[in-house]
Amino acid sequence: MTFRISNVAKIAVATLFAASVSASLTGMAHAQTPTQGWYKVCTKQEDNDVCVVQNIVTASTGQLLTAIGLIIVEGKVNNKVLQVSVPSARTIPPGVNMQIDDGKAQRVPYSVCMPDKCVAQVPLTDAIVDSFKRGGEVVFTSMNYQRAANPIKISLKGFTDAFDGEPVAQSELQERQRLLQEEMQRKAQSAREKLEAAQKKAKETN
């Protein structure tokens, strides 16, 4: 039964995170950009109702830096999981450190690493939810293969409303995706233009 519950949670977060943003988990060499904030998405998975309260952080290039999901599965099976996805090429076995404000960091161990990402998870307890609701900021820190820390700060503003409120409608979620994709394309175009201008200037001065 434990194996099946774990699979339900993994399927849920994989599906919902993939639907939220189409970006690769290949690196962290770019500046962190503002997130979409906290929001809830619910779906039906077999005989279970699955809701994920999530926040996704991307780089200016569109690369996904960190994805957080508080997953609640109810129905034929019942399970609650906190899951954090970070880029691949992480140091094993440290996992991801989660620190809320100035509190003590909690280690979230990796459950699986794939070519595009590593996923860490722990049971989602009432204490974790309460700390998210009371907190102002959460920092997720993973170690890359060079053993360098990669901290990602996320504001907890709006978390309580997302957790206790209604899920985002699919139409609204699709509109968010469209606007996010347009913003990423504009930033990518701007970066290309700046690079081309710098290269042109360098040639003219040589």
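Quick note: structure is the one above.
A brief report on the enclosed structure follows. Fair warning: this is a prediction, and the values are worked out from it, not measured in the lab. (Residues numbered from 1 in each chain as written. Predicted model: local features only at pLDDT ≥ 70, side-chain atom pairs only at ≥ 80, totals over all residues. Heavy atoms only, no water.)

Our next topic: the overall build of the protein. Looking only at helices and strands, one finds four helices and 10 strands in the protein. The proportion of buried residues among the 206 residues of the protein is 42%. Here the contacts in the protein between residues at least 6 apart in sequence split such that 60% fall between residues at least 24 apart. (Helix = DSSP H or I, 4+ residues; strand = E, 2+ residues; numbered from the N terminus. Buried < 20%, exposed > 50% of the residue type's maximum accessible area, 1.4 Å probe, protein only. Contact = heavy atoms within 4.5 Å.)

Moving on, we come to the packing of aromatic side chains. For the structure shown, the criterion picks out four aromatic pairs. Aromatic pair Trp-38 and Phe-159: ring centres 5.1 Å apart, planes at 85°, arrangement edge-to-face. With Trp-38 in the loop between helix 1 (2–20) and strand 1 (39–45) and Phe-159 in helix 3 (residues 159–164), this residue pair connects regions lying 121 residues apart in the sequence. A network of ring pairs unites the aromatic residues Trp-38, Phe-132, Phe-159 and Phe-163 as a single cluster. (Phe/Tyr/Trp six-rings, centres within 6.5 Å; stacked < 30°, edge-to-face > 60°.)

According to the stated counting rule, one finds two disulfides in the structure shown. The disulfide partner of Cys-42 is Cys-51, and the S-S distance across this bridge is 2.0 Å. Here the disulfide of Cys-42 and Cys-51 is right-handed, its torsion about the S-S bond being about 110°. We classify Cys-42 as partly exposed; its relative accessible area is 27%. Disulfide pairing places Cys-113 opposite Cys-118 at an S-S distance of 2.1 Å. In this structure, the disulfide formed by Cys-113 and Cys-118 twists by about 115° around the S-S bond and is classed as right-handed. Note on Cys-113: relative accessible area 39%, which makes it partly exposed. Sequence-ordered numbering of the bonded cysteines in the protein gives a pairing of 1-2, 3-4. (Disulfide = S-S within 2.5 Å.)

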